[in-house]
Amino acid sequence: MKNTFLARRARSHRVLAAATVFALGSWLVAVTAVQTTVSPVLAAATHVDNPYDGGQGYVNPEWKAKAESEPGGSQISDTPTGVWIDRIAAIEGTDDSSSNGSMGVRDHLDEALSQGAAYIQFVIYDLPGRDCAALASNGELGPEEIDRYRNEYIDPIAEIMADSAYEDLRIITIIEIDSLPNLITNTGDRETKTDECDVMLANGNYVTGVQYALDQLHAITNVYTYIDAAHHGWIGWSSNFDPAAELFASTAQGTTDGFDSVDGFITNTANYSALNEPYITVNAETKLSSWIDWNDYNDESTFATAFRSKLVSLGFNSDLGMLIDTSRNGWGGSDRPTGASSASDVDTMVDDSRIDRRIHKGNWCNQSGAGLGERPTVSPASGIDAYVWIKPPGESDGSSELIPNDEGKGFDEMCDPAYEGNPRNQNNLSGALPNAPISGAWFSAQFQELLANAYPAL
Ligand code: BGC
């Protein structure tokens, strides 16, 4: 367990104080006074195993207002969702109408205090050369701008989070979506490689950036770090699974506190992979289907559990906690299968049985037919700290055509419904909804579909 020393020290102080009260009877008043001054310090030094366990999560008022502007939206508008710090300007907050809100980090933390929230979730997302295998969320920093990442992005965030005003709040950070897995699957001689990912592998700035973020954030006792670990349809294949876990391990080992600087990992962030596929077993036969395609996993529950074991076997702490983003992986509605197909052709059988209705698992942008997934849940299964909603439902994954903007958002054809794909989705149609705004901006039609196809239903 992390910070065992501090936790133990806190416990022994409490025991000592109690014993003193018992033994010294008439000194009670004096001892109580000492306790009063000591307790807040001890409370501040606490770093719990599962930060989700112990109270309400922060509800982002800006997302809540958008959800409530939609018919039916108030059914879910009190749900905690991730606050994405997706560029330097988002730290202080903006007063313009940027795609996903104008409150800065301090505004959110102050609001969390006034809500009496127990925890708040931030997404740390601004690496140099961000999103090297896609364009919709390319960032503002060029591949070599690691110094700006350190000085203008991570340092100011850490400084705000370290403010003692927030020491009783559990501040959960989701660290750099899609970055390290891209170095494994989209580089070198892989068919799926991009030149941009090759650059990030060669210059080392994804690893350096993640290590810097871990060092600065882990140093704050009430901050929790969860690294993004893609999803089963990305690193579930054994050729990706082991190398990805090894890269996470070497990255953690290169931080000041090593494995202790990582509280856990998150899978499926902003993705659509099903939590469970109840009507399909992964075996020698079903692996032959084009849907599973030799992957060892076919849903996030089995993948997250197995990946956790792999990580622990490489040296991560045995209390490592997994999170699964379930904001948009429900796949309910009338197209949801209600039982296993008995078709003899394996492709037909798997396709007719699967909950995930995507055209291909490599599809990731504004997926048609998706629904809200499990509502955020604490400790839903062994090794899983929580199901969370990190991608706020209703916020676009990317525009379906080029829309000029000043947020560094590009146009990725995977968001165009007419696009016929690339090696990363084995040249399938993108499955994206039409008429989408830039990533992060409100997409009413998608929000409505997510409500209608929610599973569990609303
Ligand atoms: C975008 C961010 C946005 C986030 C949450 C990402 O794809 O790049 O700007 O904040 O999604 O909607």
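Rules used in this analysis
Residues numbered from 1 in each chain as written. Predicted model: local features only at pLDDT ≥ 70, side-chain atom pairs only at ≥ 80, totals over all residues. Heavy atoms only, no water. Helix = DSSP H or I, 4+ residues; strand = E, 2+ residues; numbered from the N terminus. Buried < 20%, exposed > 50% of the residue type's maximum accessible area, 1.4 Å probe, protein only. Areas by Shrake-Rupley, 256 points an atom, 1.4 Å probe, with all protein chains shown as cover. Expected span 1.5 Å × (residues − 1). Contact = heavy atoms within 4.5 Å. Phe/Tyr/Trp six-rings, centres within 6.5 Å; stacked < 30°, edge-to-face > 60°. Lys NZ or Arg CZ within 6 Å of the ring centre and 35° of its normal. Pairing = 2+ DSSP bridges. Axes fitted to C-alpha atoms, helices over the stretch in contact; angles between N-to-C directions. Parallel < 35°, antiparallel > 145°, perpendicular 65-115°, else oblique. Left-handed = near helix turned anticlockwise from the far one by under 90°. Nonpolar A, V, L, I, M, F, W, Y, C, P; charged D, E, K, R; others polar. Disulfide = S-S within 2.5 Å. Core = buried A, V, L, I, M, F, W, Y, C linked by side-chain atoms within 4.5 Å. Right-handed = clockwise from strand over helix to strand, strands pointing away.

Caption draft 1: Quick peek at the overall build of the chain. Broken down by element type, the chain carries 14 helices and 8 strands. Here the chain holds 458 residues, and 55% of them are scored as buried. Accessible area of the chain: about 18,100 Å², with a carbon and sulfur share of 52%.

Caption draft 2: Local environment of helix α11 (residues 238-253). In this model, α11 (16 residues) spans 22 Å end to end at C-alpha, consistent with the 22 Å of a helix rising 1.5 Å per residue. Restricting attention to buried positions, one finds in α11 the residues Asn240, Phe241, Ala244, Ala245, Leu247, Phe248, Ala249, Thr251 and Ala252. Looking at the buried residues of α11, the elements they touch are α7 (179-185), α9 (205-218), β4 (223-228), α10 (232-235), β5 (264-267) and α12 (300-313).

Caption draft 3: The arrangement of the packing of aromatic side chains in detail. Throughout the structure, instances matching the rule amount to 14 aromatic pairs. Ring-pair connections join several aromatic residues into one group, and the members of that group are Phe241, Phe248, Phe259, Phe265, Tyr297, Phe303, Phe307 and Phe316. A cation over a ring is seen here: Arg150 above Tyr212, with NZ or CZ 5.6 Å from the ring centre. The side chain of Arg354 reaches across the aromatic face of Trp291, ending 3.7 Å from its centre.

Caption draft 4: Region of interest: the pairing of β5. Covered by surrounding structure in β5 are Gly264 and Ile266 together with Phe265 and Thr267, the residues of both alternating faces. Pairing analysis gives 3 bridges linking β4 to β5, with the strands arranged parallel. Its bridge partner lying in β5, Ile227 is registered against Phe265. Of the strand pairs in this sheet, β5 and strand β6 (residues 321-325) are connected by 4 bridges, and their pairing is parallel. Of the residues in β6, the one forming a bridge with Phe265 is Met322.

Caption draft 5: Inspection of the environment of Asn271 at higher detail. With respect to the helices and strands, the residue Asn271 is situated in the loop between β5 and α12. With a relative accessible area of 9%, Asn271 lands in the buried category. Separated by 38 residues in sequence, Asn271 and Gly233 have C-alpha atoms that sit 9.8 Å apart. Ignoring sequence-local partners within four residues, the contact set of Asn271 consists of His231, Arg328, Arg358 and Trp364.

Caption draft 6: View of the sheet that holds strand β7 (residues 377-381). With respect to topology, 8 strands assemble into an open sheet ordered β1-β2-β3-β4-β5-β6-β8-β7, the strand pairing being mixed. If you trace the sheet from one side to the other, it starts and ends with β1 (83-85) and β7, each paired once. Neighbouring strand axes in the sheet, compared pairwise and without regard to direction, differ in orientation by 30° on average.

Caption draft 7: How the structure looks around the packing of α9 against α11. Their axes nearest at 9 Å, the elements α9 and α11 cross at an angle of 55°. It follows that α9 is oblique to α11 by the angle criterion. α9 and α11 meet at a crossing whose hand is right-handed. Contacts from Val207, Val210 and Gln211 in α9 reach Leu247, Ser250 and Thr251 in α11. Of the residues in the contact of α9 with α11, the class split is 3 nonpolar, 3 polar and no charged.

Caption draft 8: Inspection of the state of the cysteines at higher detail. For the coordinates displayed, the defined rule picks out 2 disulfides. Between Cys132 and Cys197 runs a disulfide, and the two sulfur atoms are separated by 2.0 Å. Disulfide Cys132-Cys197: torsion about the S-S bond near 95°, hence right-handed. Of this pair, Cys132 sits in the loop between β2 (119-124) and α6 (146-161) while Cys197 sits in helix α8 (residues 195-203), and the two are 65 residues apart along the sequence. Cys132 sits in the buried class, given a relative accessible area of 5%. Taking the relative accessible area as the measure of exposure, Cys197 reaches 0% and is therefore buried. Across a sulfur-sulfur distance of 2.1 Å, Cys365 and Cys415 are joined as a disulfide pair. Between Cys365 and Cys415, the S-S dihedral sits near 100°, and the bridge is therefore right-handed.

Caption draft 9: A look at unusual backbone geometry. The omega torsion of the bond from Tyr455 to Pro456 falls at -5°, within 30 degrees of zero and hence cis. If you check the backbone angles, Asp131 has positive phi at about 60° while not being a glycine. Although it is not a glycine, Ser379 adopts a positive phi angle of roughly 45°. With respect to the secondary-structure elements, Ser379 resides in strand β7.

Caption draft 10: Spatial organisation of the nonpolar core. Phe248, Phe265, Phe307 and Phe316 are the most contacted members of the largest nonpolar core, which has 70 residues in total. Considering every element that reaches this core, the biggest residue donor is α6, with 8 residues. Residues contacting Phe316, with those up to four places away along its chain left out, are Phe248, Ala249, Ala252, Phe259, Val262, Phe265 and Leu311. With 16 residues, the next largest nonpolar core counts Tyr52, Ile174, Tyr226 and Ala386 among its residues.

Caption draft 11: The pairing of β6, seen in detail. The element β6 is extensively covered by neighbouring structure, given that 5 of its 5 residues are classed as buried. Side chains Gly321, Leu323 and Asp325 project from β6 onto one buried face, and the interleaved Met322 and Ile324 project onto a second face that is buried too. A crossover links β5 with its parallel partner β6, the connecting element being α12, and its sense is right-handed. Note: β6 against strand β8 (residues 384-388), 4 bridges, orientation parallel. Bridged to Ile324 within β8 is Tyr387.

As far as function goes, none of this settles anything; it's purely spatial.
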